Amino acid sequence: KIPRRLVVNIAKKGFPLMINEILWALGTTTLVQCYSLKGLEVVSAYNISSTVSNLFHCAFFAFGTTISIMVGQLLGAGKLNKAKDEAEKIMALVFAICVVLGALMAVLAPGITSIYNTESFVKELAGKFLIISAVIMPIQSITHATYFTIRSGGKTVVTFLFDSVFMWAITIPFAFILSSLSTLPIIPIFIAVQLADTIKCVLGIVLFKKGIWINNLVINNK
């Protein structure tokens, strides 16, 4: 028999995450649509760059899972100070790794895009997208790490606001306004939209420092 209290707790913690993933998937599709207002070549170039950059992003994706396991385990054991210390060390490590990987991606960008069978303009544009993504990669690593740290403490509603709500409230409107109402070319627009994530990075660091995520779910759910 599964206790009713456990079912309720699982639903309360899991439902925001499910909605978040749905909204995030819809958001990424909508973001591409915003970029497409600058031409179909932009879509092709963005698809190439996002496919390649996701290979490099696997580093901080993996570390996000690592934080969930290690920090969550320490929180459950009641070792709250150690959990914060471990989280800080993992965040520092993933930042350093992503600086190296970002530099590598920027160097390899022209060669990687050249293997695609498409127009030279698309290859050049995809290479520029990759270089921009490479520069912003360390910032995204911290954002991702703080997201998973906050989530490890059971603050799924906060992470819902932090993730998909931010995308729909800030990123997508910003991208749409720049793409549809301005005469800016796609590169400055892409840079501006990517830099908007620094807001989320700063917010994540503030929430991390405040310690709102330091919460023992084992004790609180008994």
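Everything below is about the structure printed above this text.
I will try to describe carefully the structure that is included in this document. (Residues numbered from 1 in each chain as written. Predicted model: local features only at pLDDT ≥ 70, side-chain atom pairs only at ≥ 80, totals over all residues. Heavy atoms only, no water.)

Let's talk about the overall build of the protein chain
- Helix and strand content of the protein chain: eight helices and zero strands.
- Starting at the N terminus, the α and β elements of the protein chain follow one another as α-α-α-α-α-α-α-α.
- In terms of principal-axis extent, the alpha carbons of the protein chain reach across some 60 × 35 × 35 Å.
- The burial tally for the protein chain puts 42% of its 222 residues in the buried class.
- In the protein chain, the proportion of contacts linking residues at least 24 apart, taken out of those at least 6 apart, comes to 83%.
- Within the structure as shown, the protein chain displays about 11,400 Å² of accessible surface, and the carbon and sulfur contribution to it stands at 70%.
- For the protein chain, the distance from the average site of its 18 positive side-chain charges to the average site of its 9 negative ones is 17 Å. (Helix = DSSP H or I, 4+ residues; strand = E, 2+ residues; numbered from the N terminus. Buried < 20%, exposed > 50% of the residue type's maximum accessible area, 1.4 Å probe, protein only. Contact = heavy atoms within 4.5 Å. Areas by Shrake-Rupley, 256 points an atom, 1.4 Å probe, with all protein chains shown as cover. Lys, Arg positive; Asp, Glu negative; His and termini not counted. Charge placed at Lys NZ, Arg CZ, Asp CG, Glu CD.)

Re the environment of Asn216
- Position of Asn216 among the secondary structure elements: in the loop between helix 7 (197–210) and helix 8 (217–220).
- Taking relative accessible area as the criterion, Asn216 reaches 10% and is therefore assigned buried.
- C-alpha of Asn216 to C-alpha of Thr159: the two residues are 57 residues apart in sequence and 17 Å apart in space.
- Beyond its immediate sequence surroundings of up to four residues, Asn216 is in contact with Leu75, Gly76, Ala77 and Gly78.

A word on the packing of helix 4 (residues 120–152) against helix 5 (residues 156–181)
- Contact pair helix 4 / helix 5: the axes reach a minimum separation of 8 Å and the direction vectors enclose 155°. Between helix 4 and helix 5, the interaxial angle falls into the category roughly antiparallel. Two packed elements cross with a definite hand, and for helix 4 against helix 5 that hand is left-handed. In this structure, helix 4 uses Thr143, Thr146, Tyr147, Ile150 and Arg151 to contact helix 5, whose residues at the interface are Thr156, Val158, Thr159, Phe162 and Asp163.
- Broken down by class, the residue content of the contact of helix 4 with helix 5 amounts to four nonpolar, four polar and two charged. (Axes fitted to C-alpha atoms, helices over the stretch in contact; angles between N-to-C directions. Parallel < 35°, antiparallel > 145°, perpendicular 65-115°, else oblique. Left-handed = near helix turned anticlockwise from the far one by under 90°. Nonpolar A, V, L, I, M, F, W, Y, C, P; charged D, E, K, R; others polar.)

Function cannot be read off these values alone, since they describe shape.
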